[in-house]
Amino acid sequence: MAEINLGPGRVGNQRPLSPHLQIYRPMLTMMMSIAHRITGAALYFGTLLLAWYLIAAAAGPDAFATASHFFNSILGKLILLGFTWALFHHFLGGIRHWIWDAGHGFDPAGRELLAQATLVGGLVLTILVWIAACFVG
Amino acid sequence: MRHDPSSMRTAASRVRFLGSARSGTAETWHMRVTSVALVPLSIAFVFIVLSLIGKDYESAVATLGSPIPAILMLLFILASVYHMKIGMQSIIDDYVHAPHVKDWALLGNLFFSFAIGLACVYAVLKLSFM
C-alpha cells in the first residue's frame, strides 16, 4: 500500500493542510455547500418535531391537542416554515449531488447554475407548499 | 517498526497492512441510496402533512393510520433516520476531534437516530392498529 511521501523539508508533524473557510473568498457554490450541511443538521433535529407529533397522535386527544396548539402558534409556524425550507433546500442539494455523481455540472457555468437553481428552487417550493397549506387549512 | 511521522496512515492500519478505503466507502454509497429513496418519499411526506392540516384528532388519526400513508411514513422514517445518522456522523468526523468528545458524540448520534426512528415507527404502527 503506497504512502504519501511528503519529501524532505516537510517532515515532523507538518501534514498538508487544504485551504479552508477563512482563506477562500465567499462564493455562491461554497455557500450552497455550507447550507446543504446546515439544513441537513437542522432537519436532523427537526425530526424531534415529527416524533412529537406522531407520538402525540398515538397517545391520545389531549397530547394531540397540545402538539396541534404548538404547531398552530406563531412560533410553531415559523419553525415549520424553516423546516419546509430546510427540507426543500436539502432535497434539491441532494439532486445537485446526483448530477455531480453522474459526472455533470462541474464547469464554472454549470456549477453556478446548479447553485442558483438550488437556492431559488428551495425558496419557490417552500412558498408553493405554504400557499397550498393556506388553501387546505 | 520505524514510525514515519509524515505518514497519512493510522498506526492500526499500518499494523493490519490495510489501506484507508476498505469498507470506508460503504456509508458514502448508503448515503446515495437513501437519498434516491428519499426523493419520492419526502414528496409523499409533504403531501401527507398537507392532508393533515386543519384536521381534528379523529380524522388526523384515521389518515395516519390508513395503510398507504402509514406505509409511506414508515419508509420515509426509516430512510430518513439512516440517512441522517450517516450525515451527522460525517459532520462529527469533520469537526469533532477531541478523543472522548468525539466518541460520545458518535454514540449520541447513533442513539438519537435509533430513538427517533423507533419512536416514530412505534407511533405510526400504534395509529395503524388502534
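Residues numbered from 1 in each chain as written. Chains lettered and ligands numbered in written order. Predicted model: local features only at pLDDT ≥ 70, side-chain atom pairs only at ≥ 80, totals over all residues.

This part takes up the overall build of chain A. A tally of helices and strands in chain A yields four helices and zero strands. Along the chain direction, N to C, the helices and strands of chain A fall in the order α-α-α-α. Relative to its full complement of 137 residues, chain A shows a buried share of 22%. (Helix = DSSP H or I, 4+ residues; strand = E, 2+ residues; numbered from the N terminus. Buried ≥ 20, exposed ≤ 12 C-beta atoms within 10 Å, placed from the backbone.)

What follows is about the overall build of chain B. Within chain B, the regular secondary structure consists of five helices and zero strands. Counted from the first residue to the last, chain B has its helices and strands arranged as α-α-α-α-α. A compact globule built from 130 residues should have a C-alpha radius of gyration of about 14 Å, whereas chain B, at 21 Å, is more than 25% larger. Seen through its C-alpha atoms, chain B measures out along the principal axes to roughly 70 × 30 × 25 Å. Relative to its full complement of 130 residues, chain B shows a buried share of 22%. Within chain B, contacts between residues separated by at least 24 positions form 71% of all contacts whose residues are at least 6 apart in sequence. (Rg over C-alpha atoms; globule rule 2.2 N^0.38 Å. Contact = placed C-beta atoms within 7 Å.)

Counting from both sides, the interface comprises 30 residues of chain B and, opposite them, 31 residues of chain A. Among the elements of the structure, α2 (26-52), α3 (57-65), α4 (67-95) and α5 (99-128) of chain B are those that each provide at least two residues to the side of chain B that touches chain A. If one sorts the elements of the side of chain B that touches chain A by residue count, α5(B) sits on top with seven residues. Here the side of chain B that touches chain A is composed, by residue class, of 19 nonpolar, eight polar and three charged. (Nonpolar A, V, L, I, M, F, W, Y, C, P; charged D, E, K, R; others polar.)

Below, the discussion takes up the nonpolar core. Judged by nonpolar contacts, the single largest core of 33 residues is most densely connected at A:Leu54, A:Ala57, B:Cys120, B:Ala123, B:Val124 and B:Leu127. Elements that contribute at least two residues to this core include exactly α1 (28-59) and α3 (74-101) of chain A together with α2, α3, α4 and α5 of chain B. Among the elements that take part in this core, α1(A) stands out by supplying eight residues, more than any other. In this structure B:Cys120 touches A:Leu50, A:Ala51, A:Leu54 and B:Ile77, once residues within four positions along its chain are discounted. (Core = buried A, V, L, I, M, F, W, Y, C linked by C-beta atoms within 7 Å.)

The end-to-end C-alpha distance of α5(B), which contains 30 residues, comes to 44 Å, matching closely the 44 Å that a straight helix rising 1.5 Å per residue would cover. Turning to α5(B), its buried residues are B:Ser113, B:Ile116, B:Gly117, B:Cys120, B:Ala123, B:Val124 and B:Leu127. (Expected span 1.5 Å × (residues − 1).)

Overall, the prediction assigns chain B a mean pLDDT of 90, with 91% of residues at 70 or greater. Among the scores for the predicted complex, ipTM is 0.84 and pTM is 0.85. (pLDDT = per-residue confidence, 0-100.)

An ideal rise of 1.5 Å per residue puts 39 Å on 27 residues; α2(B) measures up with 37 Å between its terminal C-alpha atoms. Largest kink in α2(B): about 35 degrees, centred on B:Leu38, with the proline B:Pro40 one to four residues after it. The complete set of buried residues in α2(B) reads B:Thr34, B:Ser35, B:Leu38, B:Leu41, B:Ser42 and B:Phe45. Looking at the packing, one finds that the buried side of α2(B) touches α3 of chain A together with α4 of chain B. (Bend = angle between axes of the 7 residues up to and from the residue.)

Here we take up the packing of α1(A) against helix α4 (residues 108-136) of chain A. Residues and elements named next belong to chain A. The geometry of α1 relative to α4 is characterised by a closest axis approach of 9 Å and an angle of 45 degrees between their N-to-C directions. Considering their axes alone, α1 and α4 lie oblique with respect to each other. When you trace α1 past α4, the crossing you get is left-handed. For the pair formed by α1 and α4, the contact residues are Leu28, Thr29 and Met32 on the first element and Arg111, Glu112, Ala115, Gln116, Thr118 and Leu119 on the second. Grouping the constituent residues of the contact of α1 with α4 by class yields four nonpolar, three polar and two charged. (Axes fitted to C-alpha atoms, helices over the stretch in contact; angles between N-to-C directions. Parallel < 35°, antiparallel > 145°, perpendicular 65-115°, else oblique. Left-handed = near helix turned anticlockwise from the far one by under 90°.)

The subject of this paragraph is the environment of B:Ser80. Here B:Ser80 lies in helix α4. On the basis of neighbour count, B:Ser80 is assigned to the buried category, with 24 C-beta atoms found within 10 Å. Measuring from C-alpha to C-alpha, the distance between B:Ser80 and B:Thr34 comes to 7.5 Å, with 46 residues separating the pair along the chain. Those residues in contact with B:Ser80, other than ones at most four positions away along the chain, are A:Thr47 and B:Leu38.

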